[in-house]
Amino acid sequence: MKIYLVGGAVRDQLLLRQVDERDYVVVGSTPEEMLAKHFKPVGKDFPVFLHPKTKEEYALARTERKTGRGYTGFTFHATPQVTLEEDLQRRDLTINAMAMDEQGQVIDPFHGQKDLQARVLRHVSAAFTEDPVRILRLARFAARFHYLGFIIAPETLALMRTMVEQGEVDALVAERVWQEWQRALTEPNPEVFIEVLRECGALRILAPELESLFGVPQSPMTHPEVDTGIHMLLVLQQAVKLTSDPRVRFAAMLHDVGKGVTPAEYLPKHPLHEENGVALVQALCDRYRVPREYRDLAVLVTRYHGLGYKVIQQDLAQAKDVLDLFEKLDALRRPERLAQFRLACLADVRGRPGYEDKPDRGVWLEEALQTARSVSVSSLNLGDNPQGEAIKAALHTARIKALAQVIENITSC
Ligand code: CTP
């Protein structure tokens, strides 16, 4: 048998990026031989084994053939006769289709090194179309490598468009869409993920809520970019600058989806976009079984970003609005929510041309939250045997008083 390092590890090594995961391909072997060498079988669908010591993945060289729609309709062929080149040929991109032998020699039959140098994401062969997840993967790689100057080869983009037209994207399952989307949110340019999906026509199918934002105007007085879709992309990029938390990035991306359904007679205003956005965010999260903590934050930012701005302008803030915001966010019990919410709102403020350096005016809210949280039942003078409603009302009043004091202290400095 011969063993080669393959896929992302070779690519990242050549790009001088950190290699987190190493995958190997084994040529000229059989499952029996692998088992005899104490490799552990893990592949449900493919002959993949874990190294007994390093636990790294070793897959027998294989070819694949598409037998049905979507990405589950595959048969594979793995015999000792399958060559390294055949195994590399079934892979998605030229930069992912290189191998390295034990001496560090690169085997590169599809010119991945040339494409790495030219900064091009290019499919290896027409077999790219056999797996629709590759559309999402490619959009994710574009989001990851955008900062290095990578672009998608025109012929690859054309192929992706054809796949979308042939209905391949409809066959994607929710988990895989979310898995790729979630990973894209952790990349340096997640807005490129959305742009690529839009360019190939997949966004219209996967997230019509986001596609609908393009071409919808906002007032040029407050939004020099005018187009709501452009605003969404700019906000997402600003969110990246503010935080590595993908939940905040997700919420920032979605916060204005309600603008996509504003009746034409109101444009370029969007009077009910917060309320209208909630159902759209929920529908998208249902569709992709988005985890709770992403969904909850996205719903809150969508519904209350207007209240957020009202409160964040500290000289205009009223104690009752501040407490109202804390209660809506459930921040008295979950203080981390306030920080997440503020960052998403700040990304929104900055996600407009000319507004990128706007200061963070909401820092004082953190102190205000601590003050509101420090008002406890035991600090109140409630007399004997107070009832539930009376306690609640007294807490509310005491918190408003404490918050009014915070606001007064700040404005008087
Ligand atoms: N691969 C593919 N088509 C897919 C999934 C994977 O061709 N739908 C191939 C690619 O050659 C890829 C390798 O399998 O490089 C390993 O896949 P994976 O570990 O998912 O991706 P990486 O390229 O290692 O990228 P990442 O850094 O995101 O893990």
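Everything numeric in this text was worked out from a predicted model, so none of it was measured. (Residues numbered from 1 in each chain as written. Predicted model: local features only at pLDDT ≥ 70, side-chain atom pairs only at ≥ 80, totals over all residues. Heavy atoms only, no water.)

1. A few points about the sheet that holds strand β5 (residues 57-60)
Pairing between the strands of a sheet is mediated by backbone hydrogen bonds and can be parallel or antiparallel. With respect to topology, 7 strands assemble into an open sheet ordered β3-β4-β5-β2-β1-β8-β9, the strand pairing being mixed. Among the strands making up the open sheet, the edge pair consists of β3 (40-41) and β9 (106-107). By the bridge criterion, 2 bridges tie strand β1 (residues 2-6) to strand β8 (residues 99-100) in an arrangement that is antiparallel. Bridge assignment links Val-6 to a residue of β8, and that residue is Ala-99. (Pairing = 2+ DSSP bridges. Helix = DSSP H or I, 4+ residues; strand = E, 2+ residues; numbered from the N terminus.)

2. Details of the nonpolar core
Within the largest apolar cluster, 106 residues are counted, with the highest numbers of intra-cluster contacts made by Trp-181, Ile-194, Leu-210, Phe-250 and Phe-326. Here this core takes 10 residues from helix α14 (residues 292-312), the largest share from any one element. The two domains that each donate at least three residues to this core are domain 1 (1-112) and domain 2 (366-411). Filtering out sequence-adjacent residues up to four positions away, Phe-326 remains in contact with Ala-331, Leu-332, Leu-338, Leu-365, Ala-368, Leu-369, Ala-372 and Leu-403. (Core = buried A, V, L, I, M, F, W, Y, C linked by side-chain atoms within 4.5 Å. Buried < 20%, exposed > 50% of the residue type's maximum accessible area, 1.4 Å probe, protein only. Domains from an automatic or database assignment. Contact = heavy atoms within 4.5 Å.)

3. Describing the site of the ligand
Near the ligand lie 15 residues; those nearest to it are Asp-92, Asn-96, Asp-131, Arg-144 and Arg-183. One of the side-chain N or O atoms of Arg-11 is found 3.0 Å from an oxygen atom in the ligand. Side-chain polar atom of Arg-140 to an oxygen atom of the ligand: 3.0 Å apart, as the coordinates give it. Taking 570 Å² as the accessible area of the ligand by itself, protein coverage stands at 78%. Among the elements that line the shell around the ligand, the one with the most residues is helix α5 (residues 133-145), at 5 residues. Residues that form the shell around the ligand fall into these classes: 1 nonpolar, 3 polar and 11 charged. (Near = heavy atom within 4 Å. Polar contact = N/O pair within 3.5 Å; in protein donor to acceptor, adjacent residues only side chain to side chain. Areas by Shrake-Rupley, 256 points an atom, 1.4 Å probe, with all protein chains shown as cover. Nonpolar A, V, L, I, M, F, W, Y, C, P; charged D, E, K, R; others polar.)

4. Quick look at the side chain of His-270
As for its placement among the helices and strands, His-270 is situated in the loop between α12 (246-254) and α13 (273-287). Relative accessible area serves as the criterion here: at 9%, His-270 is assigned to the buried category. A polar contact of 2.6 Å, which involves the side chain of His-270, links it to the side chain of Thr-262. Once residues within four sequence positions are removed from consideration, His-270 is found in contact with Val-216, Pro-217, Gln-218, Thr-228, Lys-259 and Thr-262.

5. Notes on the pairing of strand β2 (residues 23-27)
Burial within β2 is extensive, with 4 of its 5 residues counted as buried. For β1 and β2, the ladder comprises 5 bridges, and the chain directions are antiparallel. From the neighbouring strand, Ile-3 faces β2, where its bridge partner is Val-26. The pairing of β2 with β5 spans 4 bridges and is classified as parallel. Its bridge partner lying in β5, Asp-23 is registered against Glu-57.

6. Section: the packing of aromatic side chains
Under the definition given, this model contains 9 aromatic pairs. Relative to Phe-250, the ring of Trp-178 lies with its centre 5.3 Å away and its plane at 80°, an arrangement referred to as edge-to-face. Of this pair, Trp-178 sits in helix α7 (residues 174-185) while Phe-250 sits in helix α12, and the two are 72 residues apart along the sequence. The class of Trp-178 is buried, set by a relative accessible area of 9%. For the ring pair Trp-181 and Phe-193, a centre distance of 6.3 Å and an interplane angle of 40° mean the geometry is tilted. Of this pair, Trp-181 sits in helix α7 while Phe-193 sits in helix α8 (residues 190-199); the two residues are 12 residues apart in sequence, bridging distant segments of the chain. For the pair Trp-181 and Phe-193, one class covers both residues: buried. In this structure an aromatic cluster arises from ring pairing among Tyr-24, Phe-39 and Tyr-58. Seen from the ring of Phe-141, Arg-140 lies directly overhead, with NZ or CZ sitting 5.1 Å from the centre. Its guanidinium or amino end placed over the ring of Phe-214, Arg-198 lies 3.8 Å from that ring's centre, counting from NZ or CZ. (Phe/Tyr/Trp six-rings, centres within 6.5 Å; stacked < 30°, edge-to-face > 60°. Lys NZ or Arg CZ within 6 Å of the ring centre and 35° of its normal.)

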